[in-house]
Amino acid sequence: RTPDLQATEDALSLALLAMVVGTRPAVTPAMVRAHLVEYFGVTEDHATVHRTRPDDYIARFTRPEDLELVLGTPHPVGDPFALHCRR
């Protein structure tokens, strides 16, 4: 194992795949990040969001408790878009 490979695995251990589901409206990485802030209380400096496909995003967290909160909390009803998150 190289240190670079270990660092990459450590970073991915704090990442989630967030997929837009349902009617799939146009969603930007900024909208996903705002969703994490508004509904889960994840502060903006504790998460980054990058698009991987048109409806898929990688959310990387700096704190494991934020990742677990997003995974363990039901997503709010009535959102402008629905996200399904998984490791």
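Located above this text is the structure these notes cover.
Residues numbered from 1 in each chain as written. Predicted model: local features only at pLDDT ≥ 70, side-chain atom pairs only at ≥ 80, totals over all residues. Heavy atoms only, no water.

A. Quick peek at the overall build of the protein chain. Within the protein chain, the secondary structure is distributed over 3 helices and 4 strands. In sequence order, the secondary structure elements of the protein chain are arranged as α-β-α-β-β-α-β. Expected size for 87 residues packed as a compact globule is a radius of gyration near 12 Å; at 13 Å, the protein chain falls within 12% of this value. When the backbone C-alpha atoms are referred to their principal axes, the protein chain occupies close to 45 × 25 × 20 Å. For the protein chain, the residues scored as buried account for 31% of the 87 residues in total. The contacts of the protein chain with a sequence gap of at least 6 include a subset with a gap of at least 24, amounting to 63%. A total of about 5,400 Å² of accessible surface is found on the protein chain, and carbon and sulfur atoms cover 57% of it. Taken together, the 9 basic and 12 acidic charged side chains of the protein chain have centroids lying 6 Å from each other. (Helix = DSSP H or I, 4+ residues; strand = E, 2+ residues; numbered from the N terminus. Rg over C-alpha atoms; globule rule 2.2 N^0.38 Å. Buried < 20%, exposed > 50% of the residue type's maximum accessible area, 1.4 Å probe, protein only. Contact = heavy atoms within 4.5 Å. Areas by Shrake-Rupley, 256 points an atom, 1.4 Å probe, with all protein chains shown as cover. Lys, Arg positive; Asp, Glu negative; His and termini not counted. Charge placed at Lys NZ, Arg CZ, Asp CG, Glu CD.)

B. Structural context of the sheet that holds strand E2 (residues 47-53). Taken in spatial order, the 4 strands of this open sheet run E2-E3-E1-E4, and their pairing is antiparallel. The sheet is open, and its two borders are formed by E2 and strand E4 (82-86), each paired with just one other strand. Between one strand axis and the next, the sheet turns through 30 degrees on average, direction left out of account. Both strand E1 (residues 15-21) and E4 contribute to a ladder of 5 bridges, which runs antiparallel. Bridge pairing links Ala18 to Cys85 in E4. Against the sheet, helix H2 (residues 29-40) engages E2, strand E3 (56-61) and E4, with an angle of about 140 degrees to E2. (Pairing = 2+ DSSP bridges. Axes fitted to C-alpha atoms, helices over the stretch in contact; angles between N-to-C directions.)

C. Local environment of the environment of Thr62. You can see Thr62 is positioned in the loop between E3 and helix H3 (64-72). In contact with Thr62, other than residues within four places in its own chain, are Leu14, Asp45 and His46.

Everything listed here is a matter of geometry and, on its own, says nothing about what the molecule does.
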